[in-house]
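# Results of the structural survey
Below are the chains, spelled out letter by letter.
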Amino acid sequence: MQVVSLRSDAHAESDPLSGRKPASAMIEIEHVSQRFQTSGKQSHLALSDINLTIEDGAFVSILGPSGCGKSTLLYIVGGFVQPTDGVAKVKGKAITGPGPDRGPVFQEFALFPWKNVLGNVMYGLRQQGVKKAEAEARGRKLLEMVGLKGYENFYPKELSGGMKQRVAIARTLAYDPAVLLMDEPFGALDAHTRTRLQNDLLDIWDRQRKTVLFVTHSVEEAVYLSDKVIVMSRSPGSIKEIVDIDLPRPRKRADLLLDARFQKYIVDIEKMIDDGGKDDL
Amino acid sequence: MTARGVLKTLSPLFACIGLLCVWQVASLRLDTESFPTALEAIKAIPSILGDKGSLLNILDSIRRMAIGLVLAVMFSIPLGLLMGRIKAVASFFNPLMMIIYPVPKAALMPIIMLWMGVGDVSKILVIFLGVSLPIIYHAFQGSKAVEEKMLWSGAAMGMSAPMRMLRIVLPAALPEILTGCRTGLVLALITMITSEMIARQSGAGNILFNSLDMAQYDTVFAMILIIGAMGIVFDAAFEKLRLSLVRWSQPRDDMPLSFT
Ligand SMILES: Nc1ncnc2c1ncn2[C@@H]1O[C@H](COP(=O)(O)OP(=O)(O)OP(=O)(O)O)[C@@H](O)[C@H]1O
Ligand SMILES: [Mg+2]
């Protein structure tokens, strides 16, 4: 099996024998725990002692039952939430807040309702001082890519869930973050659009070598896209297994569906999620 | 426009005419000197508006009302927005507002007059006080309700906290803020008249109560009509402005969809 058991300390260190540095770490999560104050004097341990290293340019997916802390982990890397314990680092520096090097795509889209579709996509560029014409050209190109050509002047209120999701993705891609933090970005899409956007995302990732942290509920999607799949368990949220996906790239969906190794990854991971998680959904 | 649409736009006019008819009939039946007929009141309007002194008085009132309103808007919106986003600001101002809220602002007029005289400053201050609270309250509610992920998105784009306040919280809370401003506008008119009724020196309220003292009842009722008309015109104009600013937040049906 390709399962790599969880290392007790995921800190990347140079190999003293060869003197060669391993692929540089983009994100390091060290002993991160997150405790939330709930109503009354009680507290809830959403994440417990998470250790994880994500290499520069890696595509890493997170799978796990609802409420196991996937979103919370993404927020910590994004700098939106400060962990109760431990540190998260990006490029070796402790994360103290959000920054344009890490672009989030939220589960709830969080589009700006007073801006139309094009305005939303241009927003980040405009904030960063990019000229209007340039931002607009880039915005239109991205909208075409996510299949929303012709909807530039629509307001978020007038869009379906799947369309909003695509605007949110385009809005984040627009300012070109080195790390993409995607929280179930394809959750609300129909199968056809989903496949198309998966391929587009792989394309972008391949061309621009972004680091992607990708939360999903679909095992197949995780295996198809990722170098590494992280399986989490709940109560408290912790990493159960890390699976290296050793499939050649570039990947073609049609080929993979017939590939026994692809199928085996899916079955293995589904088993992991099932194990001891019967009551977890 | 369809027949239905015409009917809909004209319905306020019908309401006005209906009200005037009821007035006319009631006044004819009661037949007391202190209750002139609607026609008599309407006939008295041109002589008020034609009189330079009265007209200047009314314009003076509008000027004070505008100054009080603008000052209140400039003060209340930032305060309300800050209260909605920063806990410390909210916990400082909330109790203060709870104390001030039920006090009729016009009741403060005598004290204010004592300190600041009967001139413009006192009247503008009372209008300011009367208008501020609803605007602060609505800005506060609007700002508190801004989705946090929207602010996070802005932060990830590299926007600073003041920038997010100005370019995310403000537009996101705008529909709620403008609802507060609409209430504020009507309150400004009310407080304006009340202040002039207490500090009798000039203004529309002064004309009204002077003519009451002199038993010129048709002028009294004509003034009420003028002030009422002012209220309706201001409110309608503001509503037009409001709708043009927050078209994006209106339900789907209200907005024409178009592919362009
Ligand atoms: N702000 C908060 N205050 C209190 N508890 C919270 C807060 N945010 C998250 N939690 C709790 O932390 C746990 C993890 O939440 P999180 O949203 O990260 O789960 P998730 O894995 O993303 O779930 P899903 O798949 O449903 O999106 C949950 O039990 C949730 O109730
Ligand atoms: Mg989540």
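Rules of the game
Residues numbered from 1 in each chain as written. Chains lettered and ligands numbered in written order. Predicted model: local features only at pLDDT ≥ 70, side-chain atom pairs only at ≥ 80, totals over all residues. Heavy atoms only, no water. UniProt positions renumbered as here; feature names shortened; annotations may be inferred. Domains from an automatic or database assignment. Contact = heavy atoms within 4.5 Å. Buried area = accessible area lost by both parts, 1.4 Å probe. Salt bridge = Lys/Arg side-chain N within 4 Å of Asp/Glu carboxyl O. Polar contact = N/O pair within 3.5 Å; in protein donor to acceptor, adjacent residues only side chain to side chain. Helix = DSSP H or I, 4+ residues; strand = E, 2+ residues; numbered from the N terminus. Donors = N, O, S within 2.8 Å, 3.2 Å for Na, K, Ca; no water. Phe/Tyr/Trp six-rings, centres within 6.5 Å; stacked < 30°, edge-to-face > 60°. Buried < 20%, exposed > 50% of the residue type's maximum accessible area, 1.4 Å probe, protein only.

Per an unreviewed UniProt entry, chain B is named ABC transporter permease, and its organism is Tardiphaga robiniae. Here is the UniProt Sequence similarities (unreviewed entry) comment for chain B, exactly as written: "Belongs to the binding-protein-dependent transport system permease family." Recorded in UniProt under Subcellular location (unreviewed entry), the annotation for chain B is "Cell membrane".

An unreviewed UniProt entry lists chain A under the name Nitrate ABC transporter ATP-binding protein, with Tardiphaga robiniae given as the organism. The Function (unreviewed entry) comment attached to chain A in UniProt states, word for word, "Involved in beta-(1-->2)glucan export. Transmembrane domains (TMD) form a pore in the inner membrane and the ATP-binding domain (NBD) is responsible for energy generation." Word for word, the UniProt comment on chain A under Sequence similarities (unreviewed entry) is "Belongs to the ABC transporter superfamily."

## Looking at the domain arrangement of chain A
Residue and element names in this part refer to chain A. Under the domain assignment, chain A is made up of domain 1 (3-101 + 179-273) and domain 2 (108-176). With centres defined by C-alpha atoms, the gap from domain 1 to domain 2 works out at 26 Å. The partner domain 2 presents 14 residues to the 17 residues of domain 1 that form the contact. Both sides of the domain 1 and domain 2 interface together cover about 1,100 Å² of buried area, and 62% of this is carbon and sulfur. Put simply, domain 1 and domain 2 have one salt bridge between them. Between Asp176 and Lys210 there is a salt bridge, with the nearest N and O atoms lying 2.5 Å from each other. Counting across the domain 1 and domain 2 interface gives three residue pairs in polar contact (both at pLDDT 80 or more). If you list the elements that add at least two residues to the side of domain 1 that touches domain 2, you get strand 8 (179-183) and helix 5 (191-208).

## Side note on the coordination of the magnesium ion (ligand 2)
Six octahedrally arranged donors around a metal ideally form angles of 90 or 180 degrees; four tetrahedrally arranged donors ideally form angles of 109.5 degrees. Every protein donor of the magnesium ion (ligand 2) is listed here as A:Ser71 (OG) and A:Gln107 (OE1), and their distances to the metal cover 1.9 to 2.4 Å. Taken as a pair, A:Ser71 in helix 1 (residues 70-78) and A:Gln107 in the loop between strand 7 (102-105) and helix 2 (117-127) lie far apart in primary sequence, 36 residues in all.

## A word on the packing of aromatic side chains
Within the structure shown, the criterion is met by 16 aromatic pairs over all chains. Measuring from ring centre to ring centre gives 6.3 Å for A:Trp114 and B:Trp248, while their planes differ by 65 degrees; the resulting arrangement is edge-to-face. Here A:Trp114, found in the loop between strand 7 and helix 2, pairs with B:Trp248, found in the segment after helix 10 (217-245), and the two come from separate chains. The class for A:Trp114 is buried, based on a relative accessible area of 12%.

## Here's the deal with the UniProt feature "domain: ABC transporter" (unreviewed entry) in chain A
With numbering aligned to this structure, UniProt lists the feature "domain: ABC transporter" (unreviewed entry) at residues 27-259 of chain A. Overall, residues 27-259 of chain A shows 33% helix and 27% strand. The separation of its end C-alpha atoms is 31 Å.

## Things to note about the pattern of salt bridges
Residues and elements named next belong to chain B. Under the counting rule described, the total for this entry stands at 21 salt bridges over all chains. A salt bridge links Asp120 to Arg63; the nearest nitrogen and oxygen atoms lie 2.8 Å apart. Here Asp120 is found in helix 6 (residues 120-144), whereas its partner Arg63 is found in helix 3 (residues 52-85), with 57 residues between them in sequence. Overall, Asp120 belongs to the partly exposed group, its relative accessible area being 28%. Counted as one network, the salt bridges with shared partners bring together Asp60, Arg63, Arg64, Asp120 and Glu196.

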